[in-house]
Amino acid sequence: MASIIYATKCPCCGRSAIEDYYYKTSEQYTFCMRCGFYYTKTIEKYTQGTIEYKEEKSEGHGIFILVNKDGRREKVAFDCSLTNVQLEELKVKLMDNNVNQEKSYLVTYENGVFTILFGNPPDNFHLSFEKYREKMFLKFGVPEYDFMVPIEE
């Protein structure tokens, strides 16, 4: 095992994000399905026992989830504010006959405020990290540290 995947508090919006930490290499991937924040720390260069990491970070500006009727999904995290042209393009995609509009949604995140532009995000979307953690504790009846799920490679 070299990877641990767990819920963590999003540093951008304070809601639940997913973190994938590779403890053998100290690589890290964090992604928030609420505001679109992401952070990656990956090995860029490894020479003679020295590791150089590359870090990337994007403050969240929202998320677009498009679910097709056949179950395929498209997820787009916004790393900047949407322009009117981009917004119109996304609306056209949402109106396609193959889209499951009940499960698709478009949410922006600007200045600490979520704005739902289309659809209905799932119930957990609206929970703070603390409320999400409490809900999972009640659902599974285990201490929060047991939510850390090791993934075998």
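That block above? That's the structure.
Our subject in this report is the structure included herewith. Predicted model only: the values in this text are computed from it and were never measured. (Residues numbered from 1 in each chain as written. Predicted model: local features only at pLDDT ≥ 70, side-chain atom pairs only at ≥ 80, totals over all residues. Heavy atoms only, no water.)

## Considerations on the overall build of the protein
Phase 1 of the analysis: Along the backbone of the protein there are two helices and ten strands.
Phase 2 of the analysis: Ordering the α and β elements of the protein from the N terminus gives β-β-β-β-β-β-β-α-β-β-α-β.
Phase 3 of the analysis: If you line up the protein on its principal axes, its C-alpha atoms span 55 × 40 × 35 Å.
Phase 4 of the analysis: Of all 153 residues assigned to the protein, the portion counted as buried reaches 35%.
Phase 5 of the analysis: A fraction of 39% describes how many contacts in the protein between residues 6 or more apart in sequence connect residues 24 or more apart.
Phase 6 of the analysis: Each charge sign in the protein was given a centre, from 19 positive and 23 negative side chains, and these centres are 4 Å apart. (Helix = DSSP H or I, 4+ residues; strand = E, 2+ residues; numbered from the N terminus. Buried < 20%, exposed > 50% of the residue type's maximum accessible area, 1.4 Å probe, protein only. Contact = heavy atoms within 4.5 Å. Lys, Arg positive; Asp, Glu negative; His and termini not counted. Charge placed at Lys NZ, Arg CZ, Asp CG, Glu CD.)

## Looking at the state of the cysteines
Phase 1 of the analysis: Applying the stated criterion across every chain, the model contains zero disulfides.
Phase 2 of the analysis: Of all cysteine sulfurs, the one in Cys32 lies closest to Cys13, which takes part in no disulfide; the gap is 3.7 Å.
Phase 3 of the analysis: The cysteine Cys35 is free of any disulfide, with Cys10 supplying the nearest cysteine sulfur at 3.7 Å.
Phase 4 of the analysis: A relative accessible area of 0% places Cys35 in the buried class. (Disulfide = S-S within 2.5 Å.)

## Description of the environment of Met33
Phase 1 of the analysis: Tracing the backbone through its elements, the reader meets Met33 in the loop between β3 (27–31) and β4 (38–47).
Phase 2 of the analysis: Sequence spacing of Met33 and Phe64 is 31 residues, and the spatial spacing of their C-alpha atoms is 9.2 Å.
Phase 3 of the analysis: Excluding anything up to four places from it in sequence, Met33 contacts Ile63, Ile65, Lys75 and Phe125.

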